[in-house]
Amino acid sequence: MITYHPLLGEGGHFEMRRDAFAVNLCYHPSFLSFAKIRVETVLTACIAQTRILTGGKFQPLKLLLSYPAPSLALQQCYQELLQLPLEFNAKVSAIQFTAKDLALPLIAADEEVVACLKPKADVLLQTFAAKTLHRKVTLLLQQAPGLTREKVAKHLCLSPRHLGRKLQEEQISFRALQDEVRSHYAKQWLKEGEKTIVEIASTLGYSDESAFGKAFRRWESISPGSYRQSLKHKTI
């Protein structure tokens, strides 16, 4: 699992939240393209694999997904395929299960299956290593959205000017990549409601709330405060 961490690790990170009633294994995605289907893939793969490793004893309470519910017919398809309830419009995507499942014993790994699958996984892992420059820049910004062009260039051992020229060759600009990442995190954090607008502005690298507000209106044609308020009305 550690060897193949980049397959999931570069796309987001997991967090375990516990309360008196249940455990939530939360997944915070970093990627921007096809986010919904990729989040579903990660979480459903975790459910399927954990069921296999526990001999079918692992039975989640529900799957939480942090985006609007599809049609009732599609929701029914989800439940039939996954064999567990789903909850949409959640604050964060997660697998919810009881605390006692943390103590479930794992079945020993099948060495023949590992020998068969590892070469294929090695090839897949190599394809992830061959990143274009704009993907490398995106990954850096996903890890630290407040990075400036100068700091990103330094991480990549390039001058800011050379970084700009190389990105132009890939038909994209640093500003476009930065806006894409920052707008993604801004909307995610406004939805989650755990950070104030001032904190979001600071984390994203803006000098003050006003500068962040100006950028957000350029992305969404609405202020951050109005955007957060509109989300509250949708959940009522």
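A brief report on the enclosed structure follows. Keep in mind that this is a model prediction, so the values were computed, not measured. (Residues numbered from 1 in each chain as written. Predicted model: local features only at pLDDT ≥ 70, side-chain atom pairs only at ≥ 80, totals over all residues. Heavy atoms only, no water.)

## Remarks on the overall build of the protein
Here comes step 1: Tallying secondary structure elements over the protein gives 11 helices and five strands in all.
Here comes step 2: The proportion of buried residues among the 236 residues of the protein is 34%.
Here comes step 3: Nonlocal contacts in the protein, meaning residues at least 24 apart in sequence, comprise 58% of its contacts between residues at least 6 apart.
Here comes step 4: Summed over all atoms, the accessible surface of the protein reaches about 14600 Å², with 58% contributed by carbon and sulfur. (Helix = DSSP H or I, 4+ residues; strand = E, 2+ residues; numbered from the N terminus. Buried < 20%, exposed > 50% of the residue type's maximum accessible area, 1.4 Å probe, protein only. Contact = heavy atoms within 4.5 Å. Areas by Shrake-Rupley, 256 points an atom, 1.4 Å probe, with all protein chains shown as cover.)

## A look at the nonpolar core
Here comes step 1: Counting 27 residues, the largest nonpolar core has V137, L141, V152, L163, L204 and F212 as its most contacted members.
Here comes step 2: Those elements that place two or more of their residues in this core are α5 (133-143), α6 (149-155), α7 (160-169), α8 (174-192), α9 (197-203), α10 (209-220) and α11 (224-235).
Here comes step 3: For this core, the element with the most residues is α8, which contributes seven residues.
Here comes step 4: Not counting the four nearest positions on each side in its chain, V137 is found in contact with V152, L156, L163, L167, F174 and L177. (Core = buried A, V, L, I, M, F, W, Y, C linked by side-chain atoms within 4.5 Å.)

## Regarding the pattern of salt bridges
Here comes step 1: Applying the stated rule across the entire model yields eight salt bridges.
Here comes step 2: R218 serves as the salt-bridge partner of D179, at 2.7 Å between the closest nitrogen and oxygen. Here D179, found in helix α8, pairs with R218, found in helix α10; they are 39 residues apart in sequence, far enough to count as distant.
Here comes step 3: Using a relative accessible area of 13% as the deciding quantity, one classes D179 as buried. (Salt bridge = Lys/Arg side-chain N within 4 Å of Asp/Glu carboxyl O.)

## Focus: the sheet that holds strand β3 (residues 62-64)
Here comes step 1: Here we have five strands laid out as an open sheet, ordered β1-β2-β5-β3-β4, and mixed in their pairing. Two strands bound the open sheet, and with one partner strand each, they are β1 (12-18) and β4 (86-87).
Here comes step 2: Across three bridges, β3 lies against strand β5 (residues 94-97) in antiparallel orientation. Paired with L64 across the strands is A94, a residue of β5. (Pairing = 2+ DSSP bridges.)

## Points about the pairing of strand β2 (residues 23-29)
Here comes step 1: With six of seven residues buried, β2 is to be regarded as a mostly interior element.
Here comes step 2: Taken together, the seven bridges between β1 and β2 define a ladder with antiparallel strand orientation. If you follow R18 over to β2, its bridge partner there is V23.
Here comes step 3: Counting the residues that bridge the hairpin from β1 to β2 gives four residues.
Here comes step 4: Bridging between β2 and β5 involves four bridges; their strand directions are antiparallel.

## What about the packing of α8 against α10?
Here comes step 1: For the pair α8 and α10, interaxial distance at closest approach is 10 Å and the crossing angle is 95°. Relative to α10, α8 is oriented roughly perpendicular. Contacts from R175, D179, R182, S183, A186, K187 and L190 of α8 reach α10 at F212, F216, R218, W219 and E220.
Here comes step 2: A class-by-class count of the residues in the contact of α8 with α10 yields five nonpolar, one polar and six charged. (Axes fitted to C-alpha atoms, helices over the stretch in contact; angles between N-to-C directions. Parallel < 35°, antiparallel > 145°, perpendicular 65-115°, else oblique. Nonpolar A, V, L, I, M, F, W, Y, C, P; charged D, E, K, R; others polar.)

## Considering unusual backbone geometry
Here comes step 1: With phi around 60°, N89 is a residue other than glycine that occupies positive phi space.
Here comes step 2: Structurally, N89 can be placed in the loop between β4 and β5.
Here comes step 3: One non-glycine residue, S221, lies in positive phi territory at about 60°.
Here comes step 4: Inspection of the secondary structure assignment puts S221 in the loop between α10 and α11.
Here comes step 5: When its relative accessible area of 68% is taken as the criterion, S221 is described as exposed.

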